[in-house]
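# Structural description and commentary
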Amino acid sequence: MTALVPFFVAEREYSYAAGSGIVLAASLLSSVAQPLFGALTDRRPMPWLLPVSTFLAGLGIALSGLGGNYALTLAFVAVSGLGVAAYHPESARVARRAGRGSHTAMSWFSVGGNIGFALAPVLVSAVIATGGLRATPFLVVPALVGSVLCVPALRAVAAVAPAGGGAARDTGRTDDVASFVNLSLAVICRSVVFIGLSTFITFYARERTGGGTAAGTAALFVLYVGGAVGTVLGGNLAGRWDRVTVVRRSYLLSVVAVAGIVYVPGPAFYLFVALASAGLYVPFSLQVTLGQDYLPSRVGTASGVTLGLTVSVGGLVSPVLGALADATSLRTALTPLIVLPAVAWLLVRGLPEPALPQTVAVPSTR
């Protein structure tokens, strides 16, 4: 959705606040619904949600550019957010099951989404350049492809499922709610920083580099590509150190990198965009598995919070940043983002490294 915001601002002459309101529409319903979908998948596995939600998310994006009514645009974007909310808890549960608890496997699952984010600015720019916002219906094609690909993927996971074909549940540990709450607060801090950057980085890149639309698209591309690299790196680093240590050090790197984005001009700006992206995404998949291990009896709920809020809750703050940018400047609006990775570091620095899960198969409820 953030890849479309600059085009809404340019074509419909929206303010920063109005543009970030589109991100809010995608995030608000998604943030509320994701834990609910997580609770539902804890009670009953629902793999059919994956193709359905993928299509729904793409359909909302495809319809968002039709017509010039702001309220209607927000409604379509909210539909997309609902699709995102339905997808993440169940997909994280299935991915953990397919990877048999491997941190590296979860990082490769996460990197698929990161690559999609990285390609989005390029794809959106190509589509909108040919027909303006009225060409957004073409953006449903990737969603259709993703929905179709979900079907054989789910069959492959079912084929390697433990005996009994059901979901894997942890039987040897109790929930560590306090650690999960601290981790969730760190996830929220990370989300505000990343969504804030992804919403406004295209505009800020033009200011810092003196470039045009291409400079902004390049910055968004670097932001998402760095995320893909960081996600894979996180899974590998977790094999060398424990997950909490890797997450903690990544947030310290992010403080410096975000400061560089805000204050360093010229071509070096892109280097700090890449560093910030990697620093914010190294914890991405690790926080998902940590959340699942802190709440072993409620894996779907944990996934809905740690994975779902990561990509949605930051949108709730975007309108505040947009209003501040309209009233002052983009630099002033982005400056508070420097502090949040430090807050996340404080929240995770005392977390324990949970033991690896021991699971048994339970009968299928399908």
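Residues numbered from 1 in each chain as written. Predicted model: local features only at pLDDT ≥ 70, side-chain atom pairs only at ≥ 80, totals over all residues. Heavy atoms only, no water.

### Some words on the pattern of salt bridges
Definition in use: Any Lys or Arg side-chain nitrogen located within 4 Å of an Asp or Glu carboxyl oxygen qualifies as a salt bridge. Think of it this way: any DSSP run of H or I at least four residues long counts as a helix, any run of E at least two long counts as a strand, and we number them from the N terminus. Type-normalised accessible area, obtained with a 1.4 Å probe on protein chains alone, sets the label of each residue: buried when under 20%, exposed when over 50%, and partly exposed for intermediate values.
One pass over the full model with this rule turns up three salt bridges. Between Arg 243 and Asp 293 there is a salt bridge, and its shortest N-O distance comes to 2.9 Å. A residue pair is termed long-range when its members are at least 10 positions apart, and Arg 243 in helix α9 (residues 243-263) and Asp 293 in helix α10 (residues 268-294) qualify at 50 residues. With respect to class, Arg 243 is no different from Asp 293; both count as buried. The residue Arg 243 makes a salt bridge to Glu 353 at a minimum N-O spacing of 2.8 Å. Here the residue Arg 243 occupies a position in helix α9, and Glu 353 occupies one in the loop between α14 (339-348) and β2 (359-361), the gap between them amounting to 110 residues. Of the residues examined, Arg 243 reaches a relative accessible area of 1% and is grouped as buried. You can call Glu 353 partly exposed: its relative accessible area is 32%. Taken together, the shared-partner salt bridges connect Arg 243, Asp 293 and Glu 353 into one network.

### As for helix α7 (residues 177-209)
How we decide: To estimate how far a helix should reach, multiply one less than its number of residues by 1.5 Å. Two axes are fitted around each residue, one to the seven residues ending there and one to the seven starting there, and the angle between them is reported as the bend at that residue.
Taking 1.5 Å per residue as the helical rise, α7 with its 33 residues ought to reach 48 Å, and the 45 Å between its terminal C-alpha atoms agrees with that figure. Taking the largest bend as the criterion, α7 deviates by roughly 60°, centred on Ile 201. Within α7, 24 of the 33 residues are buried, which leaves the element mostly enclosed by the surrounding structure. Just downstream of α7, Gly 210 is the residue with a positive phi angle, here 75°.

### A look at the packing of α9 against α14
Cut-off, in case you're wondering: Only the stretch in contact is used when a helix axis is fitted, and all axes are lines through C-alpha atoms; the angle between N-to-C directions ranges over 0 to 180 degrees. Should an angle lie under 35 degrees it is considered roughly parallel, over 145 roughly antiparallel, and from 65 to 115 roughly perpendicular; all remaining angles are considered oblique. Whether a crossing is left-handed or right-handed is set by the direction in which the near helix is turned from the far one by less than a right angle, anticlockwise for left-handed and clockwise for right-handed. Throughout, a residue-residue contact means that at least one pair of heavy atoms, one from each residue, lies within 4.5 Å. Residue type decides the class: Asp, Glu, Lys and Arg count as charged, Ala, Val, Leu, Ile, Met, Phe, Trp, Tyr, Cys and Pro as nonpolar, and the leftover types, Gly among them, as polar.
With their axes 8 Å apart at the nearest point, α9 and α14 run at an angle of 160° to one another. Accordingly, the angle class assigned to the pair α9 and α14 is roughly antiparallel. Like other packed secondary-structure pairs, α9 and α14 cross with a definite hand, here left-handed. Contact residues: α9 offers Val 244, Val 247, Arg 248, Tyr 251, Leu 252, Ser 254 and Val 255, while α14 offers Pro 341, Ala 342, Ala 344, Trp 345 and Val 348. Partitioned by chemical class, the residues of the contact of α9 with α14 number ten nonpolar, one polar and one charged.

### Remarks on helix α12 (residues 318-327)
Side chains three or four residues apart in an α-helix point the same way, a direct result of the helix having 3.6 residues per turn. How we decide: Each direction from the helix axis to a C-beta atom contributes to the arc, which is the arc of those directions.
All of the buried residues in α12 are Ser 318, Pro 319, Leu 321, Gly 322 and Ala 325. Taken end-on, α12 shows its buried residues confined to a sector of 160°, consistent with a single buried face. Of the exposed residues in α12, those oriented more than 90 degrees away from the buried face are Val 320 and Ala 327. Buried residues along α12 sit against α2 (16-43), α7 and α13 (330-334).

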